[in-house]
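Coordinate inspection notes
Chain residues, written in single-letter form:
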Protein chains: 2
Amino acid sequence: MSPLNADLLDLPGGRAKLQTPALVIDLDALERNIAAMAEHARKHGVALRPHAKTHKSVEIARRQIAAGALGICCAKLGEAEALADGGIESILITSPVVTDRGIARLLALNARVADLMAVCDNQMVAARLDEAARAGGKKLRILIDIDPGLGRTGVSPAEAPALVGFVAQAEGLEYAGLQCYAGQVQHMESANERRAASLSALKELGALRAALTAQGLAPKILSGGGTGTFDIDPDARVLTELQVGSYVFMDRQYNEVWPGARAPFETSLYVQTTVISANRTGLATTDAGFKAFATDAGAPVIARGAPEGASYFFFGDEQGGIIYSQSKLVPGDVVSCVVPHCDPTVNLYGCFHVVRGEMLVGIWPIEGRGRSA
Amino acid sequence: MSPLNADLLDLPGGRAKLQTPALVIDLDALERNIAAMAEHARKHGVALRPHAKTHKSVEIARRQIAAGALGICCAKLGEAEALADGGIESILITSPVVTDRGIARLLALNARVADLMAVCDNQMVAARLDEAARAGGKKLRILIDIDPGLGRTGVSPAEAPALVGFVAQAEGLEYAGLQCYAGQVQHMESANERRAASLSALKELGALRAALTAQGLAPKILSGGGTGTFDIDPDARVLTELQVGSYVFMDRQYNEVWPGARAPFETSLYVQTTVISANRTGLATTDAGFKAFATDAGAPVIARGAPEGASYFFFGDEQGGIIYSQSKLVPGDVVSCVVPHCDPTVNLYGCFHVVRGEMLVGIWPIEGRGRSA
């Protein structure tokens, strides 16, 4: 069966007729975002390895690579398997893989992907990765994951040299460098605080690099950074590649990182929803609730289709509510929203509906959706 | 390719080896919940039409029907299409379908499902449903959706008779009764308040039934209720069928509806997660974050695998955190959590991993996942 809404492809006005809730990409804005980040990286002499956990899409990964990225990041093994199935050949998996069964999958993936890298923050796990890789016959490339003070994953800079040394001498492993992602910094709303915090984390990473270099363990790759610090991190001259993800879509949360100023990237991602009930004055109910938006970052922002000043609230699993004071919404009215947080919202949908202006020009599968294991 | 974890089926200890995050059903508990609700309905002389928006699964719908349910509810057209594809023959779609393209899909579904019902709360929409159904040649059965004071969907009781009259005389439609779902009542933690609020809503519905009956428009079906009021609603003798959903799984939110008392249904749904990093004292990081749990209802509750007194927090899109004070967690440790809110959490996963004790005995697809349109 062809996917829902496929009958609207390439017809005038198809965007307004989508069965909803639908995840919509404004292709012009997406293309400009991909080009702008690629240009930024070229200008600053840093490589790009965009994080595919944001979009989970082979098509978007291909476009990022075509624009100059040297590969992509995936958050999880399953996501990497899905994108490798789509032909992506250079993948860094940014979360530690630690179970025996996971390590077996990792090595199977290593055997079929030209350029795979994994991360490690634990010597016992490193020993098991080494053992499995030796049995597999192809070295597994490893970045040592460094904790930038967030405490989520990574080894502390003080304890890193021992782990680096272990991995560097392991026969089955290739010590490729370091990963350091300061997730806690990305959404700081004060530009000065964001800059200070990010540069401080990178300064510590730079000191670690110097210490390792003095021991003959110079890291070739230093991978990290995010959309919130994309224009800060290159100044530290520590990272060799940026793991930026959200810039392709943007969302309410990232738009608020540049308050009062124009965000450096455009919103290209929307959830389109339809009014299904409007029997009360100033209140309309839509078809997009907790199953249509990730809810970890508050409410969506209405971008178009509702009266000026209208606001959106979650009205349960299946529905949203719109509170408004002017004109009148009626069942069938179409409303588009900026999503609160792009990554986990994308993870709710099977496909992107890709539009140029008012025309539906593509339906792209989200191959990595739900591949969190 | 066979699904992830299929190699563990029917092996001893398979549950502990699942690649995670994984959505796990304790089959013994699920079976007891289905049987207990069926027995409750029989005892009180009320029919069951369980809401499949909770599980979105053909297998679970079949089991509910086998236990005596007269059919199921679906929240959305796409969900109904998915369950109809799996052979479910009696479906009520509980949200209004209002667009021309949606109505066309609804009539196509009506043509292939033995017993389909839709809801309506708007006369202009009713006129379009009527027109489409007349063209289709098979009457479309309609429940008039009544607003119990929530304001989400439904027509007010005062305005209902006019809409009932319109639908009853429409050639293409069959007036089958009323729907009234008091969603605002389901999670009230005070049993007395919950009882009073639910019975008050049903009293108004009873008055509407009497008024309609006096006009020769007696509703045959009165459909409504939920897990939170399953043992209250039958006393009002107004509803002919209960739309209970969450009772099959339960979750942290519904367990809290019966504080201090034993909940009437067992928790049968868990998210199983694995520790991937544990380099700090008293803090471990797991592989289950915003993409593995719906976040609208707070944090998960650890059910097993972590030290006594440990608590779970969301640590971003891909990870969770466990704070604990005793013993030591290490990478690879397996932790199971009760989900905060079952419906939107199920909507994140492609399948259920079904266990009896420590054995994986089934992998059931979630056919309606993501079918919110």
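As the structure is a prediction and not an experimental result, all values here were calculated from the model.

Another point: the overall build of chain A. On a plain count of helices and strands, chain A comes out with 10 helices and 17 strands. What you see for chain A is a C-alpha radius of gyration of 22 Å, in line with the 21 Å of a compact globule of 373 residues. With the principal axes as the frame, chain A shows a C-alpha extent of 70 × 50 × 35 Å. The burial tally for chain A puts 61% of its 373 residues in the buried class. The long-range fraction of contacts in chain A, counting pairs at least 24 apart against all pairs at least 6 apart in sequence, stands at 69%. By element, 53% of the accessible surface of chain A is carried by carbon and sulfur atoms, the whole surface being about 13100 Å². Charge separation in chain A, taken as the distance between the mean sites of 35 positive and 40 negative side-chain charges, equals 2 Å.

All names here are of chain B. All told, the structure shown has 49 salt bridges over all chains when counted by the stated rule. Among the salt bridges present, the one from Arg-356 reaches Glu-31, with a minimum N-O distance of 2.8 Å. With Arg-356 in strand S16 (residues 351-356) and Glu-31 in helix H1 (residues 27-44), the pair connects residues that are 325 residues apart, well separated along the chain. Assessed through its relative accessible area of 33%, Arg-356 is described here as partly exposed. For Glu-31, a relative accessible area of 31% puts it in the partly exposed group. Here the salt bridges do not stand alone but share partners, grouping Asp-28, Glu-31, Glu-59, Arg-62, Arg-63 and Arg-356 into one network.

Our focus in this paragraph is the domain arrangement of chain A. All names here are of chain A. Annotation of chain A at the domain level lists domain 1 (6-25 + 263-365) and domain 2 (27-251). The distance between the C-alpha centroids of domain 1 and domain 2 comes to 33 Å. Taken residue by residue, the interface counts 23 residues in domain 1 and 24 residues in domain 2. A combined buried area of about 2000 Å² lies between domain 1 and domain 2, and 62% of that area is made up of carbon and sulfur atoms.

All names here are of chain B. With their axes 10 Å apart at the nearest point, helix H4 (residues 100-112) and helix H5 (residues 123-136) run at an angle of 45° to one another. With respect to H5, the element H4 is oriented oblique. Crossing geometry of H4 relative to H5 is assigned as right-handed. When H4 is examined against H5, the residues Asp-100, Ile-103, Leu-106 and Leu-107 are found in contact with a partner set consisting of Arg-128, Leu-129, Ala-132 and Ala-133. Counted by class, the contact of H4 with H5 contains 6 nonpolar, no polar and 2 charged residues.

This paragraph deals with the interface of chain B and chain A. Taken together, the contacts link 62 residues of chain B with 62 residues of chain A. When the two sides are added together, the surface that chain B and chain A hide from each other amounts to roughly 5100 Å², 48% of it contributed by carbon and sulfur. Contact with chain A buries surface across chain B, with Arg-101, Arg-152 and Lys-291 of chain B losing the most and accounting together for 15% of the total. Where chain B touches chain A, the interface holds 6 salt bridges. Close ionic contact of Asp-317 of chain A with Lys-53 of chain B constitutes a salt bridge, the shortest N to O distance being 3.3 Å. For the interface between chain B and chain A, the tally reads 43 residue pairs in polar contact (both at pLDDT 80 or more). For the side of chain B that touches chain A, the elements supplying multiple residues, two or more each, are H4, strand S10 (269-280), strand S11 (283-286) and helix H10 (342-346) of chain B. In terms of residues, the side of chain B that touches chain A owes the most to one element, S10 of chain B, which gives 6 residues. For the side of chain B that touches chain A, a count of residues per class yields 19 nonpolar, 24 polar and 19 charged.

With that settled, consider the sheet that holds strand S8 (residues 221-224) of chain B. All names here are of chain B. Strand order in the open sheet formed by 8 strands is S2-S9-S8-S7-S6-S5-S4-S3, with parallel pairing between adjacent strands. Every interior strand has two partners, whereas the edge strands, strand S2 (47-48) and strand S3 (72-74), have only one. In this sheet, strand S6 (residues 140-145) lies alongside strand S5 (residues 115-120) in parallel orientation, the contact comprising 4 bridges. In the sheet register, Cys-120 faces S6, and the bridge partner there is Ile-144.

Let's shift gears to the side chain of Gln-186 of chain B. Residues and elements named next belong to chain B. By the secondary structure assignment, Gln-186 is in the loop between strand S7 (173-180) and helix H7 (191-214). In terms of polar contacts, Gln-186 uses its side chain to reach the backbone carbonyl oxygen of Ala-182, at 3.4 Å. Only 3.2 Å separates the side chain of Gln-186 from the backbone nitrogen of Thr-229, close enough to count as a polar contact. The residues contacting Gln-186, other than those within four sequence positions of it, are Tyr-181, Arg-194, Gly-225, Gly-226, Thr-227, Gly-228, Thr-229, Tyr-254 and Val-257.

Residue and element names in this part refer to chain A. The strand order across the open sheet built from 8 strands is S2-S9-S8-S7-S6-S5-S4-S3, with neighbouring strands paired in parallel fashion. Strands with a single pairing partner mark the edges of an open sheet, and in this sheet they are strand S2 (47-48) and strand S3 (72-74). In the packing of helix H6 (residues 160-169) onto the sheet, the strands contacted are strand S5 (115-120), strand S6 (140-145) and strand S7 (173-180), and the crossing angle to S7 comes to about 150°. In the packing of helix H7 (residues 191-214) onto the sheet, contacts are made with S7 and strand S8 (221-224), and the angle to S7 comes to roughly 155°.

Right, let's talk about helix H2 (residues 58-66) of chain B for a bit. An α-helical turn contains 3.6 residues, so a residue and the one three or four places further along point in the same direction. Residues and elements named next belong to chain B. For H2, the complete set of buried residues consists of Val-58, Ile-60, Ala-61 and Gln-64. Taken around the axis of H2, the buried residues stretch over an arc of 165°, which confines them to a single face. Looking at the buried side of H2, the elements it contacts are strand S1 (22-26), H1, S3, helix H3 (77-85), S16 and strand S17 (359-365). The distance from a side-chain oxygen at the start of H2 to the backbone nitrogen of Glu-59 is 3.3 Å, and the residue carrying that oxygen is Ser-57. Two residues or fewer after H2 comes Gly-68, characterised by a positive phi angle close to 125°.

Right, let's talk about the relation of the copies chain B and chain A for a bit. Rotating chain B by 180° and moving it 0.0 Å along the rotation axis overlays it on chain A with an RMSD of 0.0 Å. Within this description, the copies of the chain are treated as partners about a two-fold rotation axis. Counting the interface residues of chain B, we find that 100% of their copies in chain A are interface residues as well, pointing to one common contact surface.

Our focus in this paragraph is the packing of aromatic side chains. All names here are of chain A. For the coordinates displayed, the defined rule picks out 18 aromatic pairs over all chains. By way of ring pairs, the aromatic residues Phe-230, Tyr-247, Tyr-254, Trp-258 and Phe-265 are connected into one cluster. The ring of Trp-258 carries Arg-194 above its face, with NZ or CZ at 5.3 Å from the centroid.

Conventions and cut-offs
- Residues numbered from 1 in each chain as written.
- Chains lettered and ligands numbered in written order.
- Predicted model: local features only at pLDDT ≥ 70, side-chain atom pairs only at ≥ 80, totals over all residues.
- Heavy atoms only, no water.
- Helix = DSSP H or I, 4+ residues; strand = E, 2+ residues; numbered from the N terminus.
- Rg over C-alpha atoms; globule rule 2.2 N^0.38 Å.
- Buried < 20%, exposed > 50% of the residue type's maximum accessible area, 1.4 Å probe, protein only.
- Contact = heavy atoms within 4.5 Å.
- Areas by Shrake-Rupley, 256 points an atom, 1.4 Å probe, with all protein chains shown as cover.
- Lys, Arg positive; Asp, Glu negative; His and termini not counted.
- Charge placed at Lys NZ, Arg CZ, Asp CG, Glu CD.
- Salt bridge = Lys/Arg side-chain N within 4 Å of Asp/Glu carboxyl O.
- Domains from an automatic or database assignment.
- Buried area = accessible area lost by both parts, 1.4 Å probe.
- Axes fitted to C-alpha atoms, helices over the stretch in contact; angles between N-to-C directions.
- Parallel < 35°, antiparallel > 145°, perpendicular 65-115°, else oblique.
- Left-handed = near helix turned anticlockwise from the far one by under 90°.
- Nonpolar A, V, L, I, M, F, W, Y, C, P; charged D, E, K, R; others polar.
- Polar contact = N/O pair within 3.5 Å; in protein donor to acceptor, adjacent residues only side chain to side chain.
- Pairing = 2+ DSSP bridges.
- Arc of directions from axis to C-beta.
- Least-squares fit on C-alpha atoms with pLDDT ≥ 70 in both.
- Phe/Tyr/Trp six-rings, centres within 6.5 Å; stacked < 30°, edge-to-face > 60°.
- Lys NZ or Arg CZ within 6 Å of the ring centre and 35° of its normal.

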